[in-house]
Structure formats: C-alpha cells, structure tokens
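# Descriptive analysis of the structure
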Amino acid sequence: MRPSFRLLPLSLCIALALPAYARDDEEENWGLCPAVDALPGFDEPAAGSPETRPGQPTDIEGDELQDLENSDTLIQGNVSLSRGDQSLHTDKLTFNRDSGDYVAEGSVRYQDSGMRVVAQRATGNQEKDTHRIEDLQYQLTKRRGNGGAQAIEMHGAEGALIGSTYSTCDPGQRVWELRARRIDINTEEGLGVARNATLRIGKVPILHVPWFMFPVDDRRRTGLLYPSISFSGRNGFDWRQPIYLNLAPNYDATLNPRYMSDRGGSLGGEFRWLYPKGSGRAWGNYMPHDDLPSNEEWRYLNNVNGIPIPGATLPEDDRGAFRLNTIHRLNRNWYARADLGWVSDTHYFEDFSSSLYGISNSFVTSSAGIYGRDRYWQAGFMANRNQLADYTLTERSLRFDRLPRAYLSWAQPFGDWFEAGVDTEAVRFEHESITRAGPDLHVPAGSRFDFKPFVSLPLEGSSWFLRPKLAWRYTAYQLDGTAEDRAREYASRYRILPTVANIALLSEQFRDSTPNRSLPITSVDAGLYFDRDATIRGDRYLHTLEPRLYYLHVPYENQDGLPIFDTAPLTFSWGQLFRDNRFGGADRQADANQLTAALTTRLISEDDGRERLALSLGQIKYFDTSRVLMPPYELTPEVIPAQEGKSAWVAEATVAPSDRWNITAAYQWDPQYRGTNLASLRARYLIRDTGIVNIGYRYRRDAISRNDLFEQADFSFLYPVNDNWSVVGRYYYSLLDHKALEQIAGVQWESCCLAVRVLGRRYLRTRTGDLNSSLQVEFELKGLGSAGQDTGRILRRAILGYDRDDLYLVPPSSVIHTDSDLVPDPIP
C-alpha cells in the first residue's frame, strides 16, 4: 500500500528546536557518558539520508487493514510506515481517505538518520499539513542531546513546541536541563523564538530568559554569541560580549565590545570575506582611553632596571591594533597575498596580551606580494615593513625594511645523474632614521643582488648515497650615503665608541659604495645505511647504523666592507653540521675547509613500525681556521677565537621505551673550552587515557662570548584523580634570572555533560618582570556553551598534550604577529 503520507514534518520541529540553540559539539568529550541510549533504537536501523527523501513514496505495513464506511482506513497491529531513512511504528493508525485526517495511537515511535522519538499520540491532516504530537520524548543520534515536550503543533512551515526540554545529560542523571514554556518555529525563515526559557543545574534554576530568538538551521544569523567573563589583577572584572553580524553569504563581521572595570572599555571587530579565488580577514581593537598607564606610571617612565628614561611619556589615548590577512589566486601557479599589521604604541602587546608569547613580540611586520610555485621552482615579488613593538628596544633594533624584494629558487633533475638549479634574490633595503638627544642619525640603506647557481650529481642506491655539488655565489651591493655615514651607523649599531680613530678606520673599511663578493662553494655529502634484525627482551627490532660524511670547501674572501642588512649567525645545531653557510642571509658567506663526521643508529619495532630509539652524534673537523666573522668581532678578531680545530660535539637522542614514555635530549660539548654549549631534556609520560606529565630543561651558552643565554626548567601535568576529578598545574622557572615565568594550579571536575574548571594563574606580563595574578573559573555545559574564561586555550598552551590530539605539536613559539589575545577570536 503506497498512499501519499509525509513523515518529514514530524521530526523537523523537534530536531531543530532547543538543540538548534546549542553549540556544535563535535569536539566535546563524551567518554564519561553511559553507553546506553536515552531511547532504544528500532530493530532495523534507518537507511538513507534526508537528501534522498523528496519524491520517495511511503510504505505502510500492518497485521490488519480495514476500510470503514466513513472513508476511514484502519491499520492495526505492528503498524509500520517507512520512507527513505524515516520509519514510524504505532499500534493503531486511522487515515481518512477523503479529508486526509490521521490518528496514530499507542506506542508511537519515530526514527530517522538524525533522531528518535517516542510519543503517546499523533494527529493531523495530510492535506492541510497540520500535525500535533503529544507527550513525547526524543533523542538526537548524529549529536548528543535528548529531551521531551508536552506537545508539538505544526502548520506548514510554522510550528510550536509546548513545555519542551533539552539536555545532553543522561535522563537518569539530569545535571543540567534547558526548559521552555513555548517555542515557536518558522522553518522557511530558519528562526525560532523561545518564551520563558530556564536553565537549571540540578533542580536549581540559574538563568531565566523571558524571550530569545535563535536559528534552527545552518543559515548564519545576526545575534549575540557566548560572552567571556574573567577576573585579573591587571584588568579587574573583564567582560567580552561578541556580536555576530551576518552581512551576506560570503562575508560577515563580529563586533567584540569589552569592559574592564580597572581600565575602561574597548571595541574590537573582525571582518571576513570569501570568494571563488580568495579570502581575507581583517581585525582590530580600539580603546579610546586606558586607565592602566595612569595606574602604573612607573612602568612606562622607567627602563627594565627601574632607571627613569629621559623624555619617556605615557601612551596616548586612542590605543589600538590592526591586522589584515588576505589572499587572491591569480592562476594555478601564482597568487597575491597581504599580511599587514599595526599597533598604537610599544607597550600595546604587554598591556593587552595574557600570555608569555604576547609580550615576547618585539616587532610587527607587514608584508604584501605576488608569489608563485610549481614542481621545480618558486618565486616571489614582495615588500615588507617593520614597526617597533617593544619599549625596551630602540628603532636601531628594527630589521631593515625590504622595499621591494624579488627572489627565485629553481632546482630540476636532468635524467638520473644530473641536477641543476639557482637561488637568486634582488632586494632594496630601507631603515628609519634614529632620533637621539642630538641630530637624527641617518641609517644608510642600499640594494643587494645575490646569485647562486649550482650543479650536482645525486648518486644513490638502496644502501648508500653520494651527492657532490658545485655552486658559485656572487653578491653585489649599491650602497647609499657616504663612507662616514656608513661608519657612524655601524659604530652606533654595534656600540663602538665613535672616536676619530674608530670612525676613520671604519670609513676606510666602507669606502666602496659598490662592493661585491664572488666565490665557489664545493661540497660532497655521502652516507651508508646498514641494518640488521635484532631481538631485545623478546621484542623484534630493525637495528640501523647510518654513518655520514659531509665535506665543505669555500675559499676565504675578505667581507669586512660588506654591510649587514639581514644576516645573523645561525644557532649551532644538528642541521648546522650539513649546511654550506653558518650565517643566515646573504651578507656573509663563511669560508670553510671542513669535514663533518656523523653517526645515527635507530631501533624500529617490527611489530608496529614505531621508532623506539634514535641516537645521533656528530662533529665538524676544521682543516683551516674560519676567518669570516660577524661584527663587531671583525674589528678585534683576536678577542674572540675563530672557529678552528673541531666544533662542539652535537648529540641528540629520542627514546620511547613504551607507548606511554617519550624522552628527547640534546647536548653540545665544546672541546675547545671543555664546557657545555647546550643541554636540553624533555620527558613525557602519559597517565591512563587523559593524564600527562611533562618535564623540561633548557640551557644555552653563547659559543663565542661564552655568556649564558638562558637556563629554564618547566614542569606541567594533568593528573586524573578519578573519572571525574583531575588536577592541573605548571611551574615554568628561569634558573638564570631566579624568577618564575608562569605558575598554574587548578582543579577540574567533569561529568558526561558538565565540566567545571578553576585555575589560579600567575604569569610574566611585563618585560620588567612583573607577574600578573588571576583566578579563572569556567562552567561548560557540553553541547550548549560555557560561561567564564576560556581556560581550555590557556591549558593547551601551558601543558603540551592537555588535549591528546596535540601530543605531537611543537609548543607555541614567539612570532612577530599580533597575539591572539589582542583581538578576541570570534566564536564560530
């Protein structure tokens, strides 16, 4: 029997009512929820999807079918209606063939691919498209959520839920529940209106909303998003209330008004757009008046040692920040991109960031350009500019702006035995002049052309490789200003006394305004692979031994007359053993006659393919003393020993004795000074399914000056006391400065549908070493939303592995962008 019987309106009103107001719960942890469903499923699972429903007929089955005299059709006994993924079961169904009225009575059960419903009675008219379902319970199946309603009434696209409830908790453990006296829904408009809605924790009502409007489908709507509330010693009571503006299908905006009781109000905003060939995002923050500078004048007027800074002033009103990211694809290979940023003052990062990473930003870099890439090449034409964002530095510390820069990298094999390529760059450097107590100090700029073609023979087999390579590097400059200008700027940058003798010596060094450098670079990289089967304590491993030799020869050429625009020594590490230049940038090319000898051994499990052990050891043997140095050592090379004899030993180790333990270590020992240049250790232990303990230690010494750069210890953990309770903490300490960088202590309670987190936190918030203290509380109603500070973001930053999905991520590093705390991230 195939009458025209529509089932869609029955589920539509329920599935898109109260649950539609809840947030997306794809990332929620439902591991503590009972395995038993709130409503049992049918014997036969629903097949198909909502997209396949239109046009499909409805099949009706039952034990007994009767045609009555009044045009009614009576079906009783195991009545079943099905259409696509929808199915409806009831004990008795009466359908009038003339009027279209129907009545379903007794154990009405409905199921589709997204939900299940149990009701006592359903009535309606198919022709008029009116429906009423009474005394029902429902469960969502594609997402967690269940509830009930006294009745559902629908007429076409409009409907109402009377006495409805919603929760993601199990019906037997109703920790929280959202109730509404009445919800009116218009599916054509995609909007619902709830009246007299109440949120209850247990039996206690904690929030009552007389009226609110919400979306019932995926269409974006203008409205309020979840607020963020916190307290801190710097800001006081801190309230952020995002407002979402749905402007068009392909662009939208979010306003972020914010109130801080100890500082004042600010307004942030974000604008996003998307089109077939690109996308973009612009966001900013504006604060017309900030009370913080007047509350802490000493911090703005003194340096890091507490000494007054001559001429220092407080930040002016109208503080703010701006950032623009946009990309546009020109064709398959080429695209244009812009990344522009600005802050109002050099204290902005420190005053508006709530993390260590925010205050470490010293510059804001803006760049724009056109870029391209293909299989064998990549190229670009771009420009960038830097803005100082650290009040402890001067304009002299800024990188040179590149206005503009063009580059090309090409490398292509020709057959199986030959490869050729080129790395080339042309760039114009600019820098702002420096204002001091006297006249402005002009910073001479200039242009640089760097050209580095190469050829190589990449020979290799299954157990060996041999890669000889020959390159030639030519670098030429066109410098601005006079030799004396360049000498005075050089003396200022590297803190050389500007005596007459020193300026005369430097002027002679920089007398040529068009210096150049041309030299060959020869290298041979060779290695072997040995492997054997090994058994250790009954476990089978693949044991490898991988010796490697790398020879590098670069003749010496005096480069003291070349400027320093964007070049600095690279941090010595394992990768530096196999590079052809120990400087990053084209202003210096190190001379070399050296051989690197390195050895790596690994244990790879035969059972799961995991690397259980990796040990590496390497060192460079210098046949000739390296004579190319970075300033200021070029003037007094006898003070700082050059690289000669042998480099520091570089050792690295990774050990994973079990799936729960992971230990990585690195060590550098300098035989020349018989001392340690670097030592680092990081150990991780996983506790049950959610817990983790991290222990870290880092120490580095400047290999040339022998000064200690930093020594830090870091301990963090997430310890699950039981299935519901856990404690978290972090202690990040600078042993060199005898100062805590960040301290966190907190407790978490989590159930199937509710989580509460309380954190006490102290963290370094200024470059002068001041600590900010805060108490942060977050209540999370899973599947609905959260109130309070976003403690999860803080803990993910502080405890590597707080989310198990983040176990193998690199910890956040200092970047030159604006910190995410400067402008609150919008809530999707």
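Bear in mind that the values here come from a model prediction, so they are computed numbers and not experimental data. (Residues numbered from 1 in each chain as written. Predicted model: local features only at pLDDT ≥ 70, side-chain atom pairs only at ≥ 80, totals over all residues. Heavy atoms only, no water.)

Before going further, it helps to spend a moment on the nonpolar core. A general feature of soluble globular proteins is that nonpolar side chains tend to end up buried together. Counting 39 residues, the largest nonpolar core has L93, L136, Y138 and W176 as the members making the most contacts within it. With five residues, strand β10 (residues 176–186) is the largest single contributor of residues to this core. Residues F578, I620, Y622 and A648 belong to the second largest nonpolar core, which totals 17 residues. (Core = buried A, V, L, I, M, F, W, Y, C linked by side-chain atoms within 4.5 Å. Buried < 20%, exposed > 50% of the residue type's maximum accessible area, 1.4 Å probe, protein only. Helix = DSSP H or I, 4+ residues; strand = E, 2+ residues; numbered from the N terminus.)

Structurally, Y371 is set in strand β22 (residues 363–373). Taking the C-alpha atoms as reference, Y371 lies 7.9 Å from M382; in sequence the two are eleven residues apart. Apart from the residues within four sequence positions on either side, Y371 is in contact with N333, W334, Y335, R337, A379, G380, M382 and Y407. (Contact = heavy atoms within 4.5 Å.)

Let us now look at helix α8 (residues 500–509). Turning to α8, its buried residues number three or more, namely I503, L506, S507 and Q509. The arc that holds the buried residues of α8, viewed along the axis, is 155°, so those residues lie on one side. Looking at α8, the residues exposed on the side facing more than 90 degrees away from the buried face are V500 and A501. (Arc of directions from axis to C-beta.)

Quick look at the packing of aromatic side chains now. Applying the stated criterion across every chain yields a total of 22 aromatic pairs. An angle of 15° between the planes, with centres 4.2 Å apart, marks the rings of Y348 and F352 as stacked. In this pair, Y348 and F352 both sit in helix α5 (residues 348–352), four residues apart, roughly one turn of the helix. Pairing Y490 with F510 gives two aromatic rings, centres 5.1 Å apart and planes at 55°, and the pair type is tilted. Taken together, the residues Y490 in helix α7 (residues 483–493) and F510 in the loop between α8 and β29 (516–528) connect sequence positions 20 residues apart. The same class applies to Y490 as to F510, namely buried. Ring-pair connections join several aromatic residues into one group, and the members of that group are F400, F429, Y477 and F565. Of note, R688 hangs over the ring of Y719, and the distance from its end group to the ring centre comes to 6.0 Å. (Phe/Tyr/Trp six-rings, centres within 6.5 Å; stacked < 30°, edge-to-face > 60°. Lys NZ or Arg CZ within 6 Å of the ring centre and 35° of its normal.)

Moving on: the confidence of the model for the chain. Interpreting fine coordinate detail is not advised for predicted regions of low pLDDT. The pLDDT averaged across the chain works out to 83; a share of 86% of its residues lies at or above 70. Segment residues 634–641 is flagged for pLDDT under 50; beyond a separation of four residues in sequence, or across chains, it makes 15 contacts in the model. (pLDDT = per-residue confidence, 0-100.)

A word on the pattern of salt bridges. Inspection of every chain in the model, using the stated rule, returns 43 salt bridges. In this structure, R263 engages D290 in a salt bridge whose closest nitrogen and oxygen atoms are separated by 2.7 Å. Linking R263 in the loop between β17 (251–260) and β18 (264–275) with D290 in the loop between β19 (278–287) and α3 (292–295), this pair joins segments that are 27 residues apart in sequence. Judged by its relative accessible area of 5%, D290 is buried. The salt bridge partner of R448 is E425, with a shortest N-O separation of 2.8 Å. Pair noted here: R448 is in strand β26 (residues 446–456) and E425 is in strand β25 (residues 418–430), with a separation of 23 residues, a long-range link. Both residues of the pair, R448 and E425, belong to the buried class. In this structure, a network of salt bridges that share partners links the residues R263, D290, R319, D345 and D351. (Salt bridge = Lys/Arg side-chain N within 4 Å of Asp/Glu carboxyl O.)

Regarding helix α9 (residues 791–798), the residues found buried are T791, G792, I794, L795 and A798. Buried positions in α9, seen along its axis, are confined to an arc of 160° and lie on one side of it. Looking at the buried residues of α9, the elements they touch are β40 (708–720), β41 (725–734), β42 (739–750), β43 (754–764) and β44 (771–781).

This paragraph deals with unusual backbone geometry. Leaving glycine out, the prevailing phi sign among residues is negative, and the prevailing peptide bond configuration is trans. The step from L403 to P404 runs through a cis peptide bond, and the omega angle for that step is 0°. Within the secondary structure, P404 is located in strand β24 (residues 401–414). Even without a glycine there, the phi angle at N78 is positive, about 50°. Within the fold, N78 resides in strand β3 (residues 72–83). For N78, a relative accessible area of 59% gives the class exposed. Notably, D318 is not glycine yet its phi reads approximately 65°, a positive angle. Mapped onto the elements of the fold, D318 is located in the loop between α4 (297–301) and β20 (319–329).

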